[in-house]
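Secondary and tertiary structure notes
Chain by chain, the residues run as shown.
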Amino acid sequence: MRHGKDTVVSRSQDHAAARAEADRLVVDTSVANPARIWNYWLGGKDHFEADREAAEKVIEVMPSMPLLARLARRQLIDSVRLLAGTYGIRQFLDIGSGLPSADNTHEIAQRTRPQARIVYVDNDPVVIAHARALLTSGPEGTTDYVQADLRDTATVLTGAARTLDFRQPVAILLLGVLHFIPDEDDPYRIVTRLMDATAPGSFLVIGHGASDIQADAVPELTRRYNERSSSRITLRTREQVARFFDGLELVGPGLVPLSPWWPPDEVDAGAASGVIGHSGMARKNAGPG
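The text that follows walks through the structure, step by step, so that each part is easy to find.

Tallied over the full model, the rule gives five aromatic pairs. Centroid distance Tyr87 to Phe203: 4.7 Å. Interplanar angle 50°. Geometry classified as tilted. In this pair, Tyr87 is assigned in the loop between α4 (65-85) and β1 (91-95) and Phe203 in strand β5 (residues 203-209), connecting sequence segments 116 residues apart. Take Tyr87: its relative accessible area is 29%, and that puts it in the partly exposed class. The class of Phe203 is buried, set by a relative accessible area of 1%. Considering the side-chain rings of Tyr120 and Tyr145, the 6.2 Å spacing of their centres and the 10° angle between planes classify their relative orientation as stacked.

What follows is the structure, encoded as structure tokens:
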């Protein structure tokens, strides 16, 4: 385990190695990238001018986007902590994981369950390059990476099965990724295929962009984002997001906007009320007994 100044130096070196590996890939920095836009909203450093411009254009019509990014990150942290601690989950499949940030899935899970196994999935080769350099498992657990598109569920599941035992419960995390799947690609069928591959007692966690919160601003937000980003978004209503949980048992606060995930004294309810996100966690029926 690294400590003190050595930790800072080592992480800086790891990040430099990740950037060097990413730079070796062919990257079109003239077009905004979803992972880098999100990184900008989170206050990260892995973005280019096109990403910053796209992010700021969206902020002009939806100033709460940086808050949304921070709350979504907090949802990831709290969800993984709950799943590992309260529900005893030791396997996590984080799909659409994005660029590494503070408190990544394996770090949170392995604090409670040192033997936890985590698979990160993303379709962006730059994200995978960063992940391989920066997301290193603890000595008792395992971390792996799969470069695949969420729509290619066969590749996702086959790659994840190198590390995860699907005969045992798995938590599937789909945070900030399903709104990149248009209706014509049937995102509901994709989620069903993923959950059908899991054992009873598995969990599904979703964070999805909302079209029915600040609905007047959403069309312009969507237009600005889709004009500039390499991947288009399809925001959905609460009712549409609820369909992803069909056949599953909602747990915790149910399917709610982001702010009700925490007590009122922990989140500025006034500011968070405008955050355009629906969030939910559900369990696959463990069966009788």
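The subject of this paragraph is unusual backbone geometry. Peptide bonds are mostly trans, and most non-glycine residues show a negative phi. For Asp186, which is not glycine, the phi torsion reads 50° and is therefore positive. Here Asp186 is to be found in the loop between β4 (171-175) and α8 (187-196). For Asp186, a relative accessible area of 36% corresponds to the partly exposed category. A positive phi is found at Gln214, a non-glycine position, where the angle reads about 50°.

Attention now moves to the nonpolar core. Counting residues in hydrophobic clusters, the biggest one holds 31 residues, and the most contacted among them are Leu93, Ile95, Leu150, Ile172, Leu174, Leu194 and Leu204. Looking at this core, the elements with two or more residues in it are β1, β2 (117-122), α7 (153-160), β4, α8 and β5. In this structure, Leu150 is in contact with Ile95, Val156, Leu174, Val177, Leu178, Ile181, Ile190 and Leu194, ignoring residues within four places of it in sequence.

With respect to the helices and strands, Arg223 occurs in helix α9 (residues 218-228). Overall, Arg223 belongs to the partly exposed group, its relative accessible area being 40%. Remark: the alpha-carbon pair of Arg223 and Ile233, spanning 10 residues in sequence, is separated by 9.2 Å.

Now for the pattern of salt bridges. Counting across every chain of the model gives 16 salt bridges. Here Arg223 and Glu227 are joined by a salt bridge, their closest N and O atoms 2.6 Å apart. Here Glu227 and Arg223 lie together in helix α9, a separation of four residues that amounts to about one turn. On the basis of relative accessibility, which here comes to 52%, the residue Glu227 falls in the exposed class. In this structure, Glu249 and Arg283 form a salt bridge, with 3.4 Å as the shortest nitrogen-oxygen distance. One end of the pair, Glu249, is in strand β6 (residues 249-257); the other, Arg283, is in strand β7 (residues 277-283), and 34 residues separate them in sequence. Residue classification places Glu249 among the partly exposed residues on the basis of a relative accessible area of 42%. Looking at Arg283, the relative accessible area reads 23%, which means it is partly exposed.

Another point: helix α6 (residues 125-134). Among the residues of α6, Val126, Val127, Ile128, Ala129, His130 and Ala131 are the ones counted as buried. For α6, the N-terminal cap is Asp124; the gap from its side-chain oxygen to the backbone nitrogen of Val126 is 2.9 Å.

Here we take up the side chain of Asn104. Here Asn104 is to be found in the loop between β1 and α5 (105-112). Using a relative accessible area of 6% as the deciding quantity, one classes Asn104 as buried.

Moving on, we come to empty space enclosed by the protein. Here the structure, examined in full by the defined rule, presents one cavity of 30 Å³ or more. Its volume calculated, the largest cavity comes out at about 50 Å³. Contributing to the lining of the largest cavity are 11 residues, with Arg73, Asp94, Ser97, Asn104 and Tyr120 lying nearest its centre. Each residue belonging to the lining of the largest cavity can be placed in one class, and the counts come to five nonpolar, four polar and two charged.

Here Ile59 is to be found in helix α3 (residues 49-61). Assessed through its relative accessible area of 17%, Ile59 is described here as buried. Sequence separation between Ile59 and Arg224 is 165 residues; the distance between their C-alpha atoms is 10.0 Å. Beyond its immediate stretch of four places on either side in the chain, Ile59 contacts Trp41, Met65 and Pro66.

Below, the discussion takes up the sheet that holds β7. What the seven strands build is an open sheet, ordered β3-β2-β1-β4-β5-β7-β6; its pairing is mixed. Edge positions in the sheet fall to β3 (142-147) and β6, since each of these pairs with one other strand and no more. Each neighbouring strand pair of the sheet contributes to a mean axis angle of 10°, computed without reference to strand direction. Here α5 sits on the sheet in contact with β1, β2, β3 and β4, set at roughly 170° to β2. Those strands touched by α7 are β1, β2 and β3, and its axis lies near 155° from that of β3.

Conventions we followed
Residues numbered from 1 in each chain as written. Predicted model: local features only at pLDDT ≥ 70, side-chain atom pairs only at ≥ 80, totals over all residues. Heavy atoms only, no water. Phe/Tyr/Trp six-rings, centres within 6.5 Å; stacked < 30°, edge-to-face > 60°. Helix = DSSP H or I, 4+ residues; strand = E, 2+ residues; numbered from the N terminus. Buried < 20%, exposed > 50% of the residue type's maximum accessible area, 1.4 Å probe, protein only. Core = buried A, V, L, I, M, F, W, Y, C linked by side-chain atoms within 4.5 Å. Contact = heavy atoms within 4.5 Å. Salt bridge = Lys/Arg side-chain N within 4 Å of Asp/Glu carboxyl O. Polar contact = N/O pair within 3.5 Å; in protein donor to acceptor, adjacent residues only side chain to side chain. 1 Å grid on protein atoms, 1.4 Å probe; cavity = no way out; pocket = protein on both sides within 12 Å on 5 of 7 lines; lining within 4 Å. Points joined across faces, edges and corners; volume = space filled by probe spheres on them. Nonpolar A, V, L, I, M, F, W, Y, C, P; charged D, E, K, R; others polar. Pairing = 2+ DSSP bridges. Axes fitted to C-alpha atoms, helices over the stretch in contact; angles between N-to-C directions.

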